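Descriptive structure summary
Below, each chain spelled out in residue letters.
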Amino acid sequence: YTVDQVTLDVAPQISRNTVGSDNGVITYDLTPGDHLVWLTPPGETPLSPSVAAFVNPDPISNTVTQDTYIYAQLPLSNYEGRNLNVGVSLDLPEQNTLIRFTLTGQNLSQDAYVIAADLNLEAKSATNKPPLIVEAYPLNRSWQAAYATWWRPTTGELWTLSGAENVPNDRDGTPTDRRLIGTGDRRYTWDVGDLVQSWLEGTHANYGLVLRGIGTF
């Protein structure tokens, strides 16, 4: 058997080895850390992991093409160009943030493997009592930052449920990640690697994501 291994820690590296089987059982030792492993049976052509994609990874150019927040108390108001807000009132989302990125890069294709993708935001201020849990959900419909409000994603359309709250028409029902927001003047990071992978593969349309709070505020 041919074993192609990509070590993902620090500087990704590719190695190729051969290994035999013992009564149909293959044993292959891995060093501690994260790895990708391809196993090719005898007589078949081994896969060729891209050295350019892993050893010298081309970073995805993350350009925020759209972002805004929507506010339940002013459901017809648009807040493009303002600081982004997430808030809860009486255990229900009151301010949700919408963000959408375009993904470009020299080595990007449907076959690209996402090693890591994070959404990193700086909290300018926080008035949470107690701290607020903020979850990131994939959006499932198109919207425009210049026109989005609590009631509508764009002109001439309505969210299925105000605030992009309907599952599955407006958003997914399972968060990509969640973070506890306790204080301002610090950065918070959400893991969106699996979501970005699905955008690249085309298994989930890239409509961006919505940040929504849960808890009492």
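This write-up is about the structure you can find in this document. (Residues numbered from 1 in each chain as written. Predicted model: local features only at pLDDT ≥ 70, side-chain atom pairs only at ≥ 80, totals over all residues. Heavy atoms only, no water.)

**What about the overall build of the protein?**
For the protein, the count of helices and strands is two helices and 13 strands. Taken over 217 residues, the protein has a buried fraction of 36%. Of all intrachain contacts in the protein linking residues separated by at least 6 positions in sequence, the fraction that spans at least 24 positions is 72%. As displayed, the protein offers around 12,300 Å² of accessible surface, 49% of which is attributable to carbon and sulfur atoms. (Helix = DSSP H or I, 4+ residues; strand = E, 2+ residues; numbered from the N terminus. Buried < 20%, exposed > 50% of the residue type's maximum accessible area, 1.4 Å probe, protein only. Contact = heavy atoms within 4.5 Å. Areas by Shrake-Rupley, 256 points an atom, 1.4 Å probe, with all protein chains shown as cover.)

**Some thoughts on the pattern of salt bridges**
Within the structure shown, the criterion is met by nine salt bridges. In this structure, Glu-157 and Arg-141 form a salt bridge, with 3.2 Å as the shortest nitrogen-oxygen distance. Of this pair, Glu-157 sits in the loop between β10 (132-138) and β11 (177-181) while Arg-141 sits in the loop between β10 and β11, and the two are 16 residues apart along the sequence. Given the relative accessible area of 34%, Glu-157 is considered partly exposed. Overall, the relative accessible area of 17% leaves Arg-141 in the buried class. Here Arg-141 and Asp-170 are joined by a salt bridge, their closest N and O atoms 3.2 Å apart. Of this pair, Arg-141 sits in the loop between β10 and β11 while Asp-170 sits in the loop between β10 and β11; the two residues are 29 residues apart in sequence, bridging distant segments of the chain. With respect to burial, Arg-141 and Asp-170 carry one shared label: buried. Overlapping salt bridges, with partners in common, bring together Glu-122, Lys-124 and Arg-187 in one network. (Salt bridge = Lys/Arg side-chain N within 4 Å of Asp/Glu carboxyl O.)

**Here's the deal with the nonpolar core**
Residues Leu-119, Trp-190, Val-196, Leu-209 and Leu-211 are the most contacted members of the largest nonpolar core, which totals 21 residues. Per-element tally for this core: the top contributor is helix α2 (residues 193-201), with four residues. By size, the runner-up hydrophobic cluster in this structure holds 11 residues, among which are Tyr-137, Trp-143, Ala-148 and Trp-159. (Core = buried A, V, L, I, M, F, W, Y, C linked by side-chain atoms within 4.5 Å.)

**Details of the side chain of Thr-68**
Residue position: Thr-68 is located in strand β6 (residues 61-71). Among the polar contacts listed, one links the side chain of Thr-68 to the backbone nitrogen of Glu-80, at a separation of 3.2 Å. Thr-68 has contacts with Asn-78, Tyr-79, Glu-80, Leu-84, Asn-96, Thr-97, Leu-98, Trp-143, Ala-145 and Ala-148, leaving out every residue within four places of it along the chain. (Polar contact = N/O pair within 3.5 Å; in protein donor to acceptor, adjacent residues only side chain to side chain.)

**Description of α2**
With seven of nine residues buried, α2 is to be regarded as a mostly interior element. Regarding α2, the residues found buried are Gly-193, Leu-195, Val-196, Gln-197, Ser-198, Trp-199 and Leu-200. Immediately beyond the C-terminal end of α2, within one or two residues, lies Gly-202, with a positive phi of roughly 85°.

**Side note on the packing of aromatic side chains**
Taken as a whole and assessed by the stated rule, the structure comprises two aromatic pairs. Each ring, one from Tyr-69 and one from Tyr-79, has its centre 4.4 Å from the other, and the planes form 15°; the classification is stacked. With Tyr-69 in strand β6 and Tyr-79 in the loop between β6 and β7 (87-89), the pair connects residues that are 10 residues apart, well separated along the chain. Ring pairs connect the aromatic residues Tyr-69, Tyr-71 and Tyr-79, which therefore count as one cluster. A cation sits over an aromatic face here: Arg-171 above Tyr-137, 4.4 Å from the ring centre. (Phe/Tyr/Trp six-rings, centres within 6.5 Å; stacked < 30°, edge-to-face > 60°. Lys NZ or Arg CZ within 6 Å of the ring centre and 35° of its normal.)

**Description of unusual backbone geometry**
Following Val-167, the chain continues into Pro-168 via a peptide bond in cis, with omega recorded as 10°. Looking at where Pro-168 falls in the secondary structure, it is placed in the loop between β10 and β11. Backbone geometry places Asn-23, a non-glycine residue, at a positive phi of 55°. With phi around 60°, Ala-164 is a residue other than glycine that occupies positive phi space. Within the secondary structure, Ala-164 is located in the loop between β10 and β11.

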